[in-house]
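# Summary of structural features
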Amino acid sequence: MEGSVLADGVGPVRLLQVLKSSASQLNPPAFYHGDGDGNSVASCGSEVLSRYGTLDAPPHHDFYTNTEVWGRRRRFRPSLYELYTNPENNGQPPVYEETMGEDRGGDNSSDDCDDEPKEAPTEPTRFGWVQGVMIRCMLNIWGVILYLRLPWITAQAGIGLTWVIILLSSFITGITGLSTSAIATNGKVKGGGTYFLISRSLGPELGGSIGLIFAFANAVAVAMHTVGFAETVTDLMSESGAVMVDRTNDIRIIGVITVTCLLGISMAGMAWESKAQVLFFIVIMVSFASYIVGTIIPASPQKQAKGFFSYKADIFAANFVPGWRGSDGSFFGMFSIFFPSATGILAGANISGDLKNPTVAIPRGTLMAIFWTTFSYLIISATIGSCVVRDASGALNDTMLSTSGDDCVGLACRYGWDFSECINNGTCAYGLINHYQTMSMVSAFSPLISAGIFGATLSSALACLVSAPKVFQCLCKDKLYPLIGFFGKGYGKNNEPLRGYLLTYVIAACFILIAELNTIAPIISNFFLCSYSLINFSCFHASITNSPGWRPSFRFYSKWLSLLGALCCVVIMFLLTWWAALIAFGVVFFLLGYTLYKKPDVNWGSSVQAGSYNMALNHCVNLNQIQDHVKNYRPQCLVLTGPPSHRPALVDLVHSFTKGLSLMMCCNVVSVGSSSGATQEATSEGHVVWLNQRKVRSFYRGVVAPELRSGVNMLLQGTGLGRIRPNVLMMGFKKDWRRDPPQAAHDYIGIMHDAFDLQFGVCLLRMKEGLDTSTPQSHINPCFDGGSEIITTVSEIITSNVNQELQPKTVFQKKQGKKTIDIYWLSDDGGLTLLLPYLLTRRKRWSRCKVRVFVGGDADKKEEQRAEVMALIKKFRLGFKDVEVLTDIYQSPQPGNVHQFENMLSPFRSETKPKHDLDSASQSSEEEPWTITDQDLERNWAKSLRQIRLNEVLQEFSRDAALIVITMPVARRGRCPTTLFMAWLDFLSRDLRAPVLLVRGNQENVLTFYCQ
């Protein structure tokens, strides 16, 4: 159209008007007009799209986001229905189109593109990668261990092994940092930190358990850093002679007071907390400078008495090798104490909800923090190990006398000091291995080191005090566990979890009462290692599944390196404290089991889902390489339920012998044409939801077909995947076949014939009260009787609120007690008639039932035939021990029953024709194959009498059975009218209180007594 207008010399303005005029006739849905975003031809300022006269919208951010944008209406991509439907047709869109987005609808008559925007909501505090992640992580890593335990660890392990401990810790945290960066850049990260990353990657099962553990570990870490602060204050007080009670109780009192003050800072808001962190960072930097300067300044006599002699090569050499002492004197003992200092790498990720751009800030800030803190740990351990000896008395009069040179012990003898007495007695109060405040003694101005200790311990404690509630809040909001939702409530513009802060405070205060830093540190090491292991495994698992959704923008990671990091964490957990590792894994598995049992209603697109798909696909492909064998035969059922909620008894019976064993697929044929309502009814997710609520392990498949038989044929031929495809067709019995048009019964029998043609076994279930619990009644699906009103009603029922769909109880959900399962094995169909009852008896509800097998036979050979059948069943190892031979099964039925059978057939009998009209009668039979001629009745009369007599036998022997299983008779196609066959099935199974299951296999063996 555009080309023709331009050819006529019409200008661009006129062209725009013409296109707008034509586009206005398209009359798009009101919810699309109301967007005001320029994407619809009727919206304000839609010049670009109007020039093309189409609803098709160019790519836009709003089409992919789940959140609203302040200041304008959110844009919506036009639905497929809007694009392909005829604009002149005012029909309503299908249900799934109407409910896709609630925000799309509404009256937009008052909407105007020039509306004045309302006041913008208050923007919460957000941080960049330096202040929000790097500084926070560095402060958390530079904790109490740096100042109070690193010199001691250096004295115990020596500089060489201390570097190994530092580098091993950094290796683990570095790999974890790379994995965290990859996960954090694979989509938009919200609040919840480590828990959010793991749960959205591995799913709620592992994510929930590790979220609880990580939140608890951070709460205990608050206690660890606070105790470190309290130790320093207590030492300073003792130097001044100030003691409140004793050292242990003083640490407890100071620790509780300190954590209370930190709680006040954290509850004041993230802005105040962040300002305090910056202040702490500056203090630590100044303390580092004071320490470095102190190592260079020549040692004074006071410092030499305490073991400091400035840089000496022989001191470095002596301290380079280990000098283990005490119960903790081992490599892994030192590692367990040091490792918590490296666990602060997730401090930035834990406040992911407060970052401006988490996908950029987390990788950059975390990796930079790991690099600089590792460098600082290596420098401090090397410098302090080069300046201070392991043992010193601190007494100024312990200078070396000329007469005691030969008896002097220790490296200090070379520098004029004799600490032999305290070394021999083990009473040295100073030196690297005895004095925790060695860094303060070495520094140029010791109060700055004390300030650094205060800054490092308080900042780390504050970071953990903020991290734990943030992680726990996200976990509470996901509602994975009961009784914790109370702590997830947020307050203020930053949604602060004040209740979570109080819970963390209580946990930290309890562990502060331990008052021993070396005891608290190993407790949390295993919890942090467990968290790191799962983070690394999350990255590995997401990578190995090859999911198209795994597209992290951070590329500097390796799935195999992540796997190595995960394994290292697990190994180190057991090497550190095996019993604590067992406790940690025990808690994880307990919470994992609880989540698997509860099956929370969440779907986060986890890598576990992707992995499950890969495994299923690979196994299905591998099955194609294996030939079928009778030993591995499983009844894989295609169940014609219609909407499954309408035939719960049929669903429950099939599920009884397929659960955990074989395939079950509930199928629905909607045969009212290709309208949108029919498509919605056939493909509605509500059916799957109902099956899940009923805990039925079944697939669902719905098709739209011109009529029922063709739809079932589509299902028979197209359902399944590779070797996992149905081989048994299960249907409900059509009770109303005499009231329905004869074509309905003809199609019903035709479905069985189609199944036999495709080598399916066929089963029919009949119950006295019927199967269909819906209104109106039908035998396969709601639309069998025709009429669009039926399908509309059912669609509304299913899609309106499937969560409120009733779950009626059926007889197959009850315990059957000591009733009987009666099997009438009258014809050999390959063994399916025996196999299905056997599978039922493996279920708890049916396990106490006695199985009776009835076979036909002669009176004079009754015992011989019984022994023969018993021997055969014994070879099949089915466990059936009760076999009855029916000798009167071939007797003539009662005349009254025969008369009733003839009355049943009378509506379908054709009028008696003279001999010269036989050709016309034959032609009429072809046009109406359900009509029964005298020849048809005469030809099949013996079989008809057999079915009548069988019903009499069933009435006599199986009146109180729990289930009756009968070998289904087979009628020859073209020789037996469909209505006559329908009458056989009806009369055979009528007037029985027990459910009747008519079974006919495909005449291929499904049982064998061979082992190969």
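Residues numbered from 1 in each chain as written. Predicted model: local features only at pLDDT ≥ 70, side-chain atom pairs only at ≥ 80, totals over all residues. Heavy atoms only, no water.

Our next topic: the packing of aromatic side chains. Per the counting criterion, the structure on display carries 36 aromatic pairs. Ring geometry for Trp142 against Phe281: centres 6.3 Å apart, planes inclined by 25°, an arrangement best described as stacked. With Trp142 in the loop between helix 7 (129-141) and helix 8 (144-148) and Phe281 in helix 13 (residues 270-296), this residue pair connects regions lying 139 residues apart in the sequence. Take Trp142 and Phe281: they sit in the same class, and that class is buried. Three or more aromatic residues joined by ring pairs form one cluster here, namely Phe214, Phe335, Phe339, Phe528 and Tyr532. The positively charged end of Lys489 is found above the aromatic ring belonging to Tyr491, 5.3 Å away from the centroid. (Phe/Tyr/Trp six-rings, centres within 6.5 Å; stacked < 30°, edge-to-face > 60°. Helix = DSSP H or I, 4+ residues; strand = E, 2+ residues; numbered from the N terminus. Buried < 20%, exposed > 50% of the residue type's maximum accessible area, 1.4 Å probe, protein only. Lys NZ or Arg CZ within 6 Å of the ring centre and 35° of its normal.)

Once that is clear, we can look at the environment of Pro635. Relative to the helices and strands, Pro635 is located in the loop between helix 25 (607-623) and strand 1 (637-640). Spatially, the C-alpha atoms of Pro635 and Gly761 are 8.8 Å apart, while their sequence positions differ by 126 residues.

Let's shift gears to the side chain of Arg1000. The residue Arg1000 is located in strand 10 (residues 996-1000) in this model. Summary of buried charges: Arg1000 has no salt-bridge partner, and the nearest side chain of opposite charge, Asp829, is 5.4 Å away. A polar atom in the side chain of Arg1000 sits 2.9 Å from the side chain of Gln1003. When near neighbours in sequence (up to four residues on either side) are disregarded, Arg1000 contacts Phe756, Gly761, Val762, Ser827, Asp828, Asp829, Leu832, Thr967, Met968, Pro969 and Val970. (Lys, Arg positive; Asp, Glu negative; His and termini not counted. Salt bridge = Lys/Arg side-chain N within 4 Å of Asp/Glu carboxyl O. Polar contact = N/O pair within 3.5 Å; in protein donor to acceptor, adjacent residues only side chain to side chain. Contact = heavy atoms within 4.5 Å.)

For the rest of this paragraph, the subject is a nonpolar patch on the surface. Residues Ile292, Ile296, Tyr311, Met368, Phe371, Trp372, Phe375 and Ile379 make up a contiguous nonpolar surface patch of about 760 Å² in total accessible area. Breaking the nonpolar patch down by element, the ones donating at least two residues are helix 13 and helix 17 (358-387). Per-element accounting of the nonpolar patch gives the leading share, 5 residues, to helix 17. Of note, Phe375 is situated in helix 17. (Patch = residues over 30% accessible without salt bridge, like charges linked within 9 Å, V, L, I, M, F, W, Y side chains within 5 Å. Areas by Shrake-Rupley, 256 points an atom, 1.4 Å probe, with all protein chains shown as cover.)

Let us now look at the confidence of the model for the protein. Note: predicted coordinates in regions of low pLDDT should not be interpreted at a detailed level. Per-chain confidence: the protein averages 80 in pLDDT, with 83% of residues scoring 70 or above. Segment residues 95-117: pLDDT under 50, and 28 contacts once partners within four positions in sequence are set aside and those in other chains are kept. Considering only residues more than four positions removed or in separate chains, one finds that residues 776-804, a stretch of pLDDT under 50, has 69 contacts. (pLDDT = per-residue confidence, 0-100.)

For the rest of this paragraph, the subject is the sheet that holds strand 6 (residues 820-824). Across a sheet, paired strands are connected by hydrogen bonds in the backbone, their directions being either parallel or antiparallel. Ordered in space as 3-2-1-4-5-10-9-6-7-8, the 10 strands form an open sheet in which the pairing is mixed. The sheet is open, and its two borders are formed by strand 3 (699-704) and strand 8 (882-886), each paired with just one other strand. Going from strand to strand, the sheet's axes swing by 20° on average, the running direction of each strand aside. Where strand 4 (residues 728-732) meets strand 5 (residues 761-766), 5 bridges bridge the pair, whose relative direction is parallel. Bridge pairing in strand 5 links Gly732 to Leu765. Across the sheet, helix 26 (residues 648-658) touches strand 1, strand 2 (664-670), strand 4, strand 5 and strand 10, and the angle it forms with strand 1 is around 175°. Sheet strands touched by helix 38 (residues 978-988): strand 5, strand 9 (963-967) and strand 10. Its angle to strand 5, the strand with the most contacts, is close to 50°. (Pairing = 2+ DSSP bridges. Axes fitted to C-alpha atoms, helices over the stretch in contact; angles between N-to-C directions.)

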